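Fold and geometry: a report
What follows is the residue order along each chain.
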Amino acid sequence: MSEPTGAARRRGPFKVGDQVQLTDPKGRHYTFTLEAGKNFHTHKGSFPHDELIGAPEGSVVRTTGNVAYLALRPLLPDYVLSMPRGAAVVYPKDAGQILAFADIFPGARVVEAGVGSGSLSSFLLRAIGDQGMLHSYERREDFAEIAQQNVERYFGGPHPAWQLTVGDLQDNLSDTDVDRVILDMLAPWECLEAVSKALVPGGILCCYVATTTQLARTVESIREIGCFNEPTAWETMIRNWHIEGLAVRPDHRMIGHTGFLLTARRLADGVEPPMRRRRPAKGAYGEDYAGPNADGGSGR
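Think of each chain on its own: its residues are numbered from 1, step by step along the sequence as written. For this predicted model, a pLDDT threshold of at least 70 governs which residues receive local features, and a threshold of 80 or more governs which side-chain atom pairs are given and counted, while totals over whole chains, interfaces and linings are taken from all residues. Calculated side-chain values reflect all of the structure's heavy atoms, with hydrogen atoms and water omitted.

- The name that an unreviewed UniProt entry assigns to the protein chain is tRNA (adenine(58)-N(1))-methyltransferase TrmI, with the source organism given as Streptomyces dysideae.
- UniProt positions are given in the numbering used here, feature names are shortened, and annotations may be inferred rather than shown by experiment. The record in UniProt for the protein chain states the following under Catalytic activity (unreviewed entry): "adenosine(58) in tRNA + S-adenosyl-L-methionine = N(1)-methyladenosine(58) in tRNA + S-adenosyl-L-homocysteine + H(+)".
- According to its UniProt record, the protein chain has this under Sequence similarities (unreviewed entry): "Belongs to the class I-like SAM-binding methyltransferase superfamily. TRM61 family."

In structure tokens, the structure reads:
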């Protein structure tokens, strides 16, 4: 039985073509690709790549300036934060939430719209495996090209489960019996009709939006279309802690707001969602409110 795509690049001694992440004594990271005969240069000296080729992961190398660097393969969260960008990336904290709460499983059939720089695509492909299907839609050709290069660099070549289409999802979506749909775009409400036709009953829609106005309009549009259960929305924040003996305190900086996530599940055909038991506060919508799409605009 052959190894899953990319697995061979994650274990064993360092090889030519592997990515290496160096950590200096101050905790700063430097990432490069191993090439025979090349040297890695820093302001603290240099060392030959050959010194790492064949060495086990977790080795320590010293530069000509006698500075020690720890050598490890970059984790996927490290990789997506350092890879070339066309659009902003989905941060690891949000990608992890998507994998968990959109319930991405091995073999899942997933549609993604808004590829950006390929960050979330890499996480999704690793989760669904070679037997799954990820069809990604990106309207900008330059972003799609960068994303493809980033994904193939991480997996060591094309991934057998990935298909990338340049164009708008609502105009090009032809997939059926889809288990999960992930929308990372400015106006996800524009895709709800197409998405509802592609998702299987019980399938999950997950949207990633940046602002409260986008969040509100997406939720109201999901309620209005009438074929999903009540959406759940949230955001995540990460705060690291400094630990030095008895000096245990939160770091002064944290990864705060990056975006909002929301999920909703596709109902069976012909089924109406149960009425919400908790009604909105009086005046929550305003006297002149006529629905999320009443203005006819795209919200962009």
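That covers the picture; the talk isn't over yet.
1. Quick notes on the sheet that holds strand E1 (residues 19–23)
- Spatially, the 4 strands line up as an open sheet ordered E2-E1-E6-E5, and their pairing is antiparallel. Edge positions in the sheet fall to strand E2 (29–33) and strand E5 (59–62), since each of these pairs with one other strand and no more. This sheet shows a mean twist of 30 degrees between the axes of neighbouring strands, independent of strand direction.
- Whether two strands pair depends on DSSP finding at least two bridges between them. The numbering of helices and of strands both runs from the N terminus, where a helix is a DSSP run of H or I of at least 4 residues and a strand a run of E of at least 2. In the sheet, E5 pairs with strand E6 (residues 68–72) via 4 bridges, with the strands oriented antiparallel. When the sheet's bridge partners are listed, valine 61 is paired in E6 with tyrosine 69. Angles run from 0 to 180 degrees between N-to-C directions of axes, and those axes are lines fitted to C-alpha atoms, restricted for helices to the stretch in contact.

2. Some words on the pattern of salt bridges
- Salt bridge, as used here: a side-chain nitrogen of Lys or Arg that lies within 4 Å of a carboxyl oxygen of Asp or Glu. Summed over the entire model, instances satisfying the criterion amount to 14 salt bridges.
- For the salt bridge of glutamate 35 with lysine 38, the shortest nitrogen-to-oxygen distance reads 3.2 Å.
- The exposure class assigned to glutamate 35 is partly exposed, which follows from its relative accessible area of 37%.
- Across the pair arginine 73 and glutamate 57 runs a salt bridge whose closest N-O atoms are separated by 3.0 Å. Residue arginine 73 is found in the loop between E6 and helix H1 (76–82), and its partner glutamate 57 is found in the loop between strand E4 (45–48) and E5; the two are separated by 16 residues along the sequence.
- Burial classification: accessible surface area is computed with a 1.4 Å probe over protein chains only, and a residue below 20% of its type maximum counts as buried, one above 50% as exposed, and the rest as partly exposed. Judged by its relative accessible area of 3%, arginine 73 is buried.
- Residues joined by salt bridges that share partners form a network here, namely Lys15, Asp18, Glu57 and Arg73.

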